Structures are given as structure tokens and as C-alpha cells.
Amino acid sequence: MDELPALVIAARRGDRAAFGELYRRFSRAVHGVVLARVRYADAGDVVQDVFAIALERLPQLGEPAAFGGWLLAIARNRSIDHVRGKKPTDELPELPVEASRATEVRQVLAVLRELPDAYQETLILRLVEGLSGPEIAEQTGLSAGSVRVNLHRGMKLLRERLGITAEPESDDRETPVGGGVAR
Amino acid sequence: MKESDDYLWDRSGTPDPEVERLEKLLAPLAFDAPLDELRLRRKRSRAPWIGLAGVIVAVAALIALWVWPTRRGDSPCGGGVAGFAFSTIGDGQVACQEHAAARGVLPVGGTLDTGTAEAELTIADIGSARLGPQTRVRLDVVSAKRHQLYLERGRLHALITTSVPELFAVDSAGANVVDLGCEYDLEVDERGAGIVRVKTGIVRLETEPHGIPVVTPAGAHTRLLPGRRSGIAIGNRATGEFAAAIHAYEDRGSPALARVLELATSASDALSVATIGWTRSGDDQRRALDRLAVISPAPQQLTVDEALADRVLLEMWYDEVRDRFREYSRTASP
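Throughout what follows, the structure given in this document is the object of discussion. Fair warning: this is a prediction, and the values are worked out from it, not measured in the lab. Starting afresh in each chain, residues are numbered from 1 along the sequence in its written order. For naming, the first written chain is A and the first written ligand is 1, with later ones following in the order written. With pLDDT at 70 or above as the cut-off, local features in this predicted model cover only qualifying residues; side-chain atom pairs require 80 or more to be listed or tallied, and sums for whole chains, interfaces and linings still use all residues. Each side-chain value is derived from all of the structure's non-hydrogen atoms; neither hydrogens nor water enter the calculation.

1. Examining the overall build of chain A
Stated precisely, the cut-off is as follows: Segments assigned H or I by DSSP are reported as helices when at least four residues long, segments assigned E as strands when at least two residues long, and all are numbered from the N terminus. Each residue gets one of three labels from its accessible area relative to the maximum for its type: buried under 20%, exposed over 50%, partly exposed in between, using a 1.4 Å probe on protein chains only. Only heavy atoms enter the contact rule, under which two residues are in contact if any of them lie within 4.5 Å.
The helix and strand inventory of chain A stands at eight helices and zero strands. The order of α-helices and β-strands along chain A, N terminus first, is α-α-α-α-α-α-α-α. Burial analysis of chain A (183 residues in total) assigns 54% to the buried set. Taking all contacts inside chain A whose residues are at least 6 apart in sequence as the whole, residues at least 24 apart take part in 64%.

In C-alpha cells:
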């Protein structure tokens, strides 16, 4: 992400390819944040809205390096606006999954959406959008430590609520890890 | 210790079957649609596409490594090969490759013995090392990724100015002291026993295969214990009683831990307790972390159980303790 500020500045100047690259990099993160609040069927549409709003407001972004956090804030606000005043509808027919799995997918999504905000977003980004922990930290602006704590606690809570009782045991051998390089 | 969260974090380590199952179940919902250009065109009346070709990419600054220029000559330390320049401090001569000299170039593989003199060694373009009397060093590595000395005996004061960590290291029979951007004093005897005192920045002591590396920040010191794992980092302002308790633990192990934990109260003591929590396992580790939770609680209300379950979270706590120690060192009255 070293070149992120340059991409943002170029997009601000009207560079179409630069904005396209920003979309490529951040669209999954935006979708994950949106999916935490919005029905799957509507989420894709909201993602496109978010990027359209972002393009319009790009000149107002003071710090290009903060693009990720800024974009996801737009995504959260846009998602809240979208669901305001809408009745909850059954998600089942809209999911792009095999019928045999649809019920379970709907159940897991419902449980994820009931988790505390910090956990649900992080877990959706990891389990649905396939972002790794480091990628989540990079794109959301959160520290790696915070993301790791959210994943750990969120997954523990998810297991409890889904009724999965046992966590996998790993080898109890001590495996030395580097001594914490800090500057 | 459980490392099961590694897979959840970055898919490394042993796959967590439940995480894997959920990933496969939910993967079809991942976003994969192209950018809706039409929608953008409607919105961007105030930001027309100019259609610039190319993207400006910021380039990170690179540190160019410089191998000290060599000088041709007949002396083995006169130049002609890669190495570090040296010069004696004051009068006197040192022995470079057993040849007396007041200045020259220490070649890779060569040794420098200061005898009764002192010398300054230039470490490429990243710093210098001052060698005390009766000090013998060997230059082991000069490369783009690492410059390494071997301190056979004596005293060395290193001042490294590069912002690139791990570029310089000093090995000895007691430990490999890896510079992470700092100034420190290192003293060892011929067995490799000694001490490292860090003045600025931090160093990492590696004693593979004897244990996990120990990080020593500025304002602290750590003993080098040849044939054993590194000592425990101790704040320079720790009480004599506490330091003695740490030394007893280093020498006798678990039976001596209770006294350490009983005496540990300050941010300085917390550094030592955190080092035990980081480098030990089993009951010692648990006891140390239980005490650490009282005298220097973990960030984000991390519990001891969570830290034990995930080494990265433990490292986060360890980093926080070192940060508090640095602050304490800066503000505590001498």
C-alpha cells in the first residue's frame, strides 16, 4: 500500500485508471462493511453508490493515506441510510448458493450481523470477502493488533452462538517466534 | 501453547477446520463485480475524467549500502578487499591480522586485537564501534543485508545510525546481539559471558537453539550466559534486591521465580516480568503473566488466557510493556 497516496492524488486529478485501481483494491472491503448491515441482494448496488460518492468527495479527503478508513466510513453511513425505513425481508431467495446450503448461509449471516460491530465487520471481511488479517488492517486503518483481537474474540463468540463448542487443539510445543522488533 | 489463531489471522499454520468450513460456505457471497462506470459518469459532472495515461507511483527511499572502499597495498589490512576501516584512538597500535598498525582496513575474516590500545571501527556507512583495551573482534560478514562482527573478548561500544533494523549484529559465544537501531555497550569474556547495556534504541539477543530471543531496550541491560538462553532484561534503575532475584532466577530457574514476582512492582520491574512471560513456557509463563496483569495490564483489556492462546497478542502486550518502560526511563528521576 506504499503507493496508495499517489493513487488517491491521481484519482483526484481525474485519472480514471487510478480510480479503477482503488476500486479493485477496496471493493471487497466496502462490500464486507455493507453486507454487515444490508441484504445481500442490495449490497452490490450500495457498493457502487459508495464509490460514486467517494469519487465526488475525493477533493475533500485531507490525507490521501487515510483513504481506506475514510471510504469505509462512507460505506457505513451509506448502508445505514439504505436500511433506514426499510422492512427486513427474507434473504433466502437472493443468495447465490446451492439450495442445500442456503439455510445455513442465512443462519450464519444472521449470527454474524448480531455480533458487536467491530467483530462482525472484521469477521465478514475475513470469512466472506476472504481478506487476511494483515489486509484487513491495511484497508481499514486499524492496527494489526486490534484486528487480531477482534478476529480472536469475534470467532470465539461466533462459535458459541453457532453452537460449535470445541476449538481445535494445536501442537503444544513451544515454537520460538522473533523477539518483537520494535523501534 | 495454542497457535490456532494463526490460520484465522493469515491462513498460516494448522488450518482451523471450523474457519475453513465457514470460509467455503460463505465464499460465494464475496464481492466480484466490476466498477459501474455509468453510475460514475452520472455523478462526476464535477470531476470529469481527463484520461491521463499512467499512474504516479511513489517510490520508497532506498538506503544504498556502501562497502568501505579498499586501498591497494601489501599489508593484509592495507586494503584490496572488502572490510571496515579502523584507526587507533590516541597513541598506540593495534594488531590487525597479527600485524601492528595504527590504521587500516579490517578485511572480512580478519581479526583485530587492540592490546593495550583502543580503536574505532567504521561500520560501512551505518555507524561505528569503539573497541576497548584487550578487545579482539573478527569481521565475519559484509553484505547488503548484514554486517556482522564476532566479539571474541573485550568491550565494544556500538553506535548505529541506520534506520534499517537488523543490518548490524555482533556475535559472541554468549549471544548474537542484533542491532535494531541503537547505541549500546557489549562486554564479554573469553567464555562469552558478559553483559549488554543499551543506551538508545533496542537490541535483540539471539541464543539459538537455547531459547527465544530477548529484546533489551534503552535504559536496560541483559546478561549473556554462554551455553544457556539469554538473561532477562533488567532496568538500570531496578533495585539491587530485584536484580539479585532476577540473577537467581536466571541461575536456578522456577524455584527462584516467586521472589522475582513478589518484588516486582514498577514499570521497570514489569520489563523483566514481561521478558519471562515472553521467553518461558508452562507454569513460569503463566505465573509471570498473572503478575504482569497486575503491575502492567495488557492493552485492549486482553486477558492472560487470550495472550497465552495467541502469541501475536502476547507480543502486542510485550511491546506495550517496553513502551511503558521507555517512558518510565525517560521520566524517572536519576
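2. Things to note about the state of the cysteines
Formally, a disulfide is one covalent bond, and it connects the sulfur atom of one cysteine to the sulfur atom of another. Residue and element names in this part refer to chain B. Definition in use: Our working definition of a disulfide is a cysteine sulfur pair at a distance within 2.5 Å.
What the rule picks out here adds up to one disulfide over all chains. The disulfide that involves Cys77 links it to Cys96, with 1.8 Å between the sulfurs. As the torsion about the S-S bond is roughly -85 degrees, the Cys77-Cys96 disulfide counts as left-handed. On the criterion of sequence distance, the pair formed by Cys77 in the loop between α3 (37-43) and β1 (83-89) and Cys96 in strand β2 (residues 94-96) is long-range, its members being 19 residues apart.

3. Observations regarding the pattern of salt bridges
All names here are of chain A. For clarity, the threshold we go by: What counts as a salt bridge is simple: a side-chain nitrogen of Lys or Arg found within 4 Å of a carboxyl oxygen of Asp or Glu.
This structure, assessed with the given rule, holds 40 salt bridges over all chains. Note that Glu21 and Arg24 form a salt bridge whose closest N and O atoms lie 2.7 Å from each other. Residue Glu21 and its partner Arg24 are located together in helix α2 (residues 16-35), separated by three residues, close to a single helical turn. With a relative accessible area of 56%, Arg24 lands in the exposed category.

4. Topic: the environment of Asp125 of chain B
With respect to the helices, strands and loops of the structure, Asp125 of chain B is situated in the loop between β6 (118-123) and β7 (127-131). Between the C-alpha atoms of Asp125 of chain B and Thr161 of chain B, which are 36 residues apart in sequence, the distance is 8.6 Å.

5. Some thoughts on the packing of helix α5 (residues 99-114) of chain A against helix α2 (residues 17-26) of chain B
Definition in use: Axis angles are defined between N-to-C directions and span 0 to 180 degrees, where every axis is a line fitted to C-alpha atoms and, for a helix, only to the segment in contact. Throughout this description, any angle smaller than 35 degrees is read as roughly parallel, any larger than 145 degrees as roughly antiparallel, any in the 65 to 115 degree range as roughly perpendicular, and the remainder as oblique. A crossing counts as left-handed when the near helix is turned anticlockwise from the far one by less than a right angle, and as right-handed when that turn is clockwise. Ten residue types, Ala, Val, Leu, Ile, Met, Phe, Trp, Tyr, Cys and Pro, are classed as nonpolar, four, Asp, Glu, Lys and Arg, as charged, and the remainder, Gly among them, as polar.
Packing of α5 of chain A against α2 of chain B leaves a shortest axis separation of 10 Å and a crossing angle of 110 degrees. The orientation of α5 of chain A relative to α2 of chain B falls into the category roughly perpendicular. The interaxial crossing formed by α5 of chain A with α2 of chain B has left-handed handedness. Seen from α5 of chain A, the contacting residues are Arg101, Glu104, Val105, Val108 and Leu112 of chain A; seen from α2 of chain B, they are Arg21, Leu22, Lys24, Leu25 and Leu26 of chain B. When its residues are assigned to classes, the contact of α5 of chain A with α2 of chain B shows six nonpolar, no polar and four charged.

6. Re the nonpolar core
Cut-off, in case you're wondering: We call a set of buried residues a nonpolar core when its members are Ala, Val, Leu, Ile, Met, Phe, Trp, Tyr or Cys and they connect through side-chain atoms within 4.5 Å of each other.
Grouped together as the largest cluster of nonpolar side chains are 71 residues, with contacts concentrated most on Phe67 and Leu158 of chain A. Not counting residues up to four positions away in its chain, the partners in contact with Leu158 of chain A are Val111, Leu112, Leu115, Leu123 and Leu127 of chain A together with Leu22 of chain B. Core analysis: the next-biggest nonpolar cluster, separate from the first, contains 39 residues, Cys77, Ala117, Leu131 and Leu186 of chain B among them.

7. Quick look at the packing of aromatic side chains
Each pair of aromatic rings is reported with the distance of its centres and the angle of its planes. The criterion, for reference: Any Phe, Tyr or Trp ring, taking Trp's six-membered ring, that has another such ring centre within 6.5 Å forms a pair; planes under 30 degrees apart are called stacked, those over 60 apart edge-to-face, and the others tilted. Any Lys NZ or Arg CZ found within 6 Å of a ring centre and within 35 degrees of that ring's normal is scored as a charge over the ring.
Using the criterion set out here, one finds six aromatic pairs over all chains in the structure. Pairing Tyr23 of chain A with Phe51 of chain A gives two aromatic rings, centres 4.8 Å apart and planes at 65 degrees, and the pair type is edge-to-face. Placement of the pair is Tyr23 of chain A in helix α2 and Phe51 of chain A in helix α3 (residues 40-57), with a sequence separation of 28 residues. For the pair shown, Tyr23 of chain A and Phe51 of chain A are each scored as buried. With centroids separated by 6.4 Å and ring planes inclined at 70 degrees, the aromatic side chains of Tyr23 of chain A and Phe31 of chain B adopt a geometry described as edge-to-face. On the criterion of chain membership, the pair formed by Tyr23 of chain A in helix α2 and Phe31 of chain B in the loop between α2 and α3 is interchain, its members lying in two chains. Judged by its relative accessible area of 5%, Tyr23 of chain A is buried. Of the residues examined, Phe31 of chain B reaches a relative accessible area of 7% and is grouped as buried. By the ring-pair criterion, three or more aromatic residues cluster together here, those being Phe19, Tyr23 and Phe51 of chain A together with Phe31 of chain B. The ring of Tyr150 of chain B carries Arg138 of chain B above its face, with NZ or CZ at 4.5 Å from the centroid. In this structure, Arg311 of chain B is placed above the aromatic ring of Trp278 of chain B, and the distance from its NZ or CZ to the ring centre is 3.9 Å.

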